[in-house]
Amino acid sequence: MITVLMVAEKPSIAQSLADALATRGKATSRKGISLSVHEYEGEFYGQTAWFKVTSCAGHVYNIDFPPEFNIWDRVDPLSLYGAKTVKTESNPKLRMPKHFQEEAKGCSYLVLWLDCDREGENICFEVMENVVPNLKKLPGVQQVWRAKFSSLAPVDLKKAMLTLGSPNEDEARSVDARQEIDLKLGCSFTRFQTKYFQGKYGDLDTNLISYGPCQTPTLWFCVKRHDEITSFQPEAFYTIDVEISKGGRDLHLEWQRGQVFDLTVATTFKEIVAMGSPVAQVLEITTKEDRTPRPQALNTVAMLKMASTRLGIGPQQAMHMAERLYLGGWMTYPRTETNTYPPNFDLRGTVQVQTSHPHWGQYAQELLRNGLNKAREGVDVGDHPPITPVRAGTEAQVGEGWRLFDMITRHFLATVSGDCKFMRTKVKFDINNEEFVVSGRKVTDPGFTRIQLSGEMDDIHVPDFTRGETLPLKKLGVGSHKTRAPPYLSESDLLSLMEKHGVGTDASMATHINNICERNYVALAEGRRLVPTKLGIGLVHGFQLVDSQLVIPKVRGNIENMCTLIAGGKAQCDSVVHHVLKIFREKFMYFVMHVDLIDQLFESTFTTLEAAGRPISRCGNCNKYLSVVDRKPVRMFCKNCDRVYKMPQNGQIKLYKELRCPLDQFELVFVANKVGKSYPLCPMCYDDPPFGSKNAVGKHWELEHPIYQKYRPAVMSCIADNCPGTLCLDVDSAPKWQIDCNICMQQ
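Okay, so let's go over this structure. Quick caveat, the model's predicted, so the values are computed rather than measured.

Quick word on the overall build of the protein
Consideration 1: Secondary structure summary: the protein contains 23 helices and 26 strands in total.
Consideration 2: A buried classification covers 49% of the 747 residues belonging to the protein.
Consideration 3: Pairs at least 24 apart in sequence give 69% of the contacts found in the protein among residues at least 6 apart.
Consideration 4: Here the protein has roughly 35100 Å² of accessible surface; of this, 50% comes from carbon and sulfur atoms.
Consideration 5: Across the protein, the centroid of the 88 positively charged side chains sits 2 Å from that of the 86 negatively charged ones.

Shown next, in the form of structure tokens:
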């Protein structure tokens, strides 16, 4: 019997695979090195096979610089462009490479069930790197297979199992190219501008002044709209306002000329209309059928825009909800650019599934009885079918993602419904040779608006008129108005601009918008509109002064296009990476030489470190006072030495007994935490650790340091699970003596 290893992207997908494909009995489950493995007996290309189904948890590896390049203070950001990159385990605790290597032993075939996009293809090759060397050798036989699927419905998974293909190395390499480009561009600019500006200003109110090839053009859209608003000059315009009365109703007539921008001209027209005893004479009555077309099939960007405008759910949250709905088997794959149903898509079957639903089941039954309308044509980019529901569910069953599921299901049913039809009536009047109109409508067939809820139309009633009929004017005047500035971009507006200009992918746009919010570059205002902060405005204006190509979306669009060429096999990964890095290396050098242009903008907006800080302790180099800046990011600086020292971001910084560090003579400070343990430290030793490499995340002191040998002597190994730290005595805790860990801080 042969053994087949199948790998999914997430544990829940692995479980769904085993449940759907185990046709000879229920699959058994066991714990692997890191994640569960589901096993069952079945058939693989005519042979009896033992299947093992497991998963990863997203990417197996991350791309990073070698450790020696990750010490900001010791590495010139320019050197990052020529630095080698290494792959590190995304989650070392899971030991994914070891897990795959062990499970591959004794297997003859590998079937990859990763998400069907470029990222998924890249993960395929990360899995293959660990599995293929450990497979049984079968010369001349294809041992690695790729499954393509768009939903976790059993029927779709079984169909995918019967139509296996091969992994696409070109698509995987396109992701490698984008990752290396983004890493080197982002880190070089981020490190330089973070150190430069945080070393000069105390109220930037952000820990990281980041730059991203996608993030920064995303911010540019928001700042561009802000500039349009602030530079907008309102302009007065005038209309001729006329009212008549018919059947006890007052009707406002619309002037056919629309508006004029000269008061004298408007007054002249008003006098013409008012000549004699003016009456409104009916010239023409037209009635014709009009319609609002049903919506197109739903792709990722359209889903995120609808979630923001209709549900008030941000793109990042909506994407997370959609992923959970997909993993729960409620909807198809949520990342797709296609908005037209393929010819073989089972529309009738998808509607049939919804016929028993308590909210829209009856509507679905009517659709099936009357026949489905042909969905509107859209664009098929060849990735995944549009987003549709897979099964019916109530709010209690679906849970947290119910509102999004409700929106997606109603939208799907709307795409195969009829157009909304209505009769539009237009009555044209003549008043002293000036034409005015009044319009109305009456819905004759609500069509898709019955189910989509957000597209309902109200009737606008117009009284019955006859041609030649005359009516006296009830009101005549000149209306004065002013043009209005455009509003700030909404999340939906921003998504549309990003899609139009090729900034980000359907899978990453939500992340870029979330990043500019978290970096304090924009603030989310009422109506989910994005208002740039003074930091965001200053950065974009500064980049435009130095090199506008660093922020305009065209440059990022070109990079995405080059990655698409790699994915299509039309360009070499190494050539594209070399070309892009060469261009941006020169741009970075120019940026560093002219950063003073941005500095001039910041000087008029932000407070200097000297003004924002408070003196607290003595510098070990010059014996002058160090000042501490309490706003994010917390840091200390010496004006005399022109040096900034990083500090812990939690806790209040105080002087510690006026004691000095025996290594560098800096006065010690005390980090006082309301929650967690307080501890002393040396500013110099914390910023530039004297013992080996950088402290691990969450590590507050090195046991070998003289300060801690004296004030936190080691007692025993930490008793916390999976913590390699040491419990140390807190000599300041008398009379209630305490010990705490130097790594996890457990007391």
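Having put the structure on the table, let's press on.
Quick word on the nonpolar core
Consideration 1: Membership of the largest hydrophobic core comes to 125 residues, with the highest contact counts inside it found for Met6, Phe44, Trp113, Met303, Leu404 and Phe584.
Consideration 2: Setting aside residues up to four positions removed in sequence, Leu404 forms contacts with Met303, Ala307, Leu311, Ala318, Met321, Ala322 and Leu325.

Looking at unusual backbone geometry
Consideration 1: Cis geometry is found at the peptide bond from Lys632 to Pro633, where omega equals -15 degrees.
Consideration 2: Locating Pro633 in the fold gives a position in the loop between β18 (625-629) and β19 (635-638).
Consideration 3: If you check the backbone angles, Asn520 has positive phi at about 65 degrees while not being a glycine.
Consideration 4: In this structure, Asn520 sits in the loop between α16 (509-518) and β15 (522-525).
Consideration 5: The exposure class of Asn520 is partly exposed, given its relative accessible area of 24%.

Here we look at the sheet that holds strand β7 (residues 109-113)
Consideration 1: Strands sit in the order β2-β3-β4-β1-β7-β8 across an open sheet of six strands; the sheet is mixed. Edge positions in the open sheet fall to β2 (28-31) and β8 (144-146), since each of these has one partner strand only. Each strand of the sheet is rotated relative to its neighbour by a mean of 25 degrees, with strand direction disregarded.
Consideration 2: Direction of pairing for strand β1 (residues 2-8) relative to strand β4 (residues 47-55): parallel, over a ladder of seven bridges. Looking at the pairing, Thr3 lines up with Trp50 of β4.
Consideration 3: Contacting β1, β7 and β8, helix α3 (residues 118-131) crosses the sheet at an angle of about 155 degrees to β7.

Comments concerning the packing of aromatic side chains
Consideration 1: Going through the model one piece at a time under the given rule, you end up with 34 aromatic pairs.
Consideration 2: Taking 4.9 Å as the distance between ring centres and 90 degrees as the angle between the ring planes, the aromatic pair formed by Phe44 and Tyr45 counts as edge-to-face.
Consideration 3: Assessed through its relative accessible area of 2%, Phe44 is described here as buried.
Consideration 4: With centroids separated by 6.2 Å and ring planes inclined at 45 degrees, the aromatic side chains of Trp402 and Phe405 adopt a geometry described as tilted. Of this pair, Trp402 and Phe405 both sit in helix α13 (residues 402-415), three residues apart, which is roughly one turn of that helix.
Consideration 5: Since its relative accessible area comes to 0%, Phe405 is described here as buried.

Describing the environment of Met423
Consideration 1: Inspection of the secondary structure puts Met423 in strand β12 (residues 420-431).
Consideration 2: On the basis of relative accessible area, Met423 is assigned to the partly exposed category, the value being 27%.
Consideration 3: Along the chain, Met423 and Thr287 lie 136 residues apart, while their C-alpha atoms are 6.5 Å from each other.
Consideration 4: Not counting residues within four places of it along the chain, the set of residues in contact with Met423 comprises Thr287, Lys288, Glu289, Gly440, Arg441, Lys442 and Thr444.

Considering the environment of His594
Consideration 1: Mapped onto the elements, His594 comes out in the loop between α19 (573-593) and α20 (596-603).
Consideration 2: Measuring from C-alpha to C-alpha, the distance between His594 and Val546 comes to 6.3 Å, with 48 residues separating the pair along the chain.

Re the pairing of β4
Consideration 1: As paired elements, strand β3 (residues 36-44) and β4 share seven bridges and run antiparallel to each other. Pairing of Phe44 across the sheet is with Gln47, part of β4.

Focus on the sheet that holds β19
Consideration 1: Pairing within the open sheet is antiparallel, and its four strands lie in the order β17-β18-β19-β20. Both edges of this open sheet fall to β17 (614-618) and β20 (643-646), since each of them pairs with a single strand only. Between one strand and the next, the sheet's axes are offset by a mean angle of 35 degrees, whatever the strand orientation.
Consideration 2: Judged from the four bridges that link them, β19 and β20 form a sheet pairing that is antiparallel. Each residue of the ladder has a partner; that of Met636, found in β20, is Tyr645.

What counts and what doesn't
Residues numbered from 1 in each chain as written. Predicted model: local features only at pLDDT ≥ 70, side-chain atom pairs only at ≥ 80, totals over all residues. Heavy atoms only, no water. Helix = DSSP H or I, 4+ residues; strand = E, 2+ residues; numbered from the N terminus. Buried < 20%, exposed > 50% of the residue type's maximum accessible area, 1.4 Å probe, protein only. Contact = heavy atoms within 4.5 Å. Areas by Shrake-Rupley, 256 points an atom, 1.4 Å probe, with all protein chains shown as cover. Lys, Arg positive; Asp, Glu negative; His and termini not counted. Charge placed at Lys NZ, Arg CZ, Asp CG, Glu CD. Core = buried A, V, L, I, M, F, W, Y, C linked by side-chain atoms within 4.5 Å. Pairing = 2+ DSSP bridges. Axes fitted to C-alpha atoms, helices over the stretch in contact; angles between N-to-C directions. Phe/Tyr/Trp six-rings, centres within 6.5 Å; stacked < 30°, edge-to-face > 60°.

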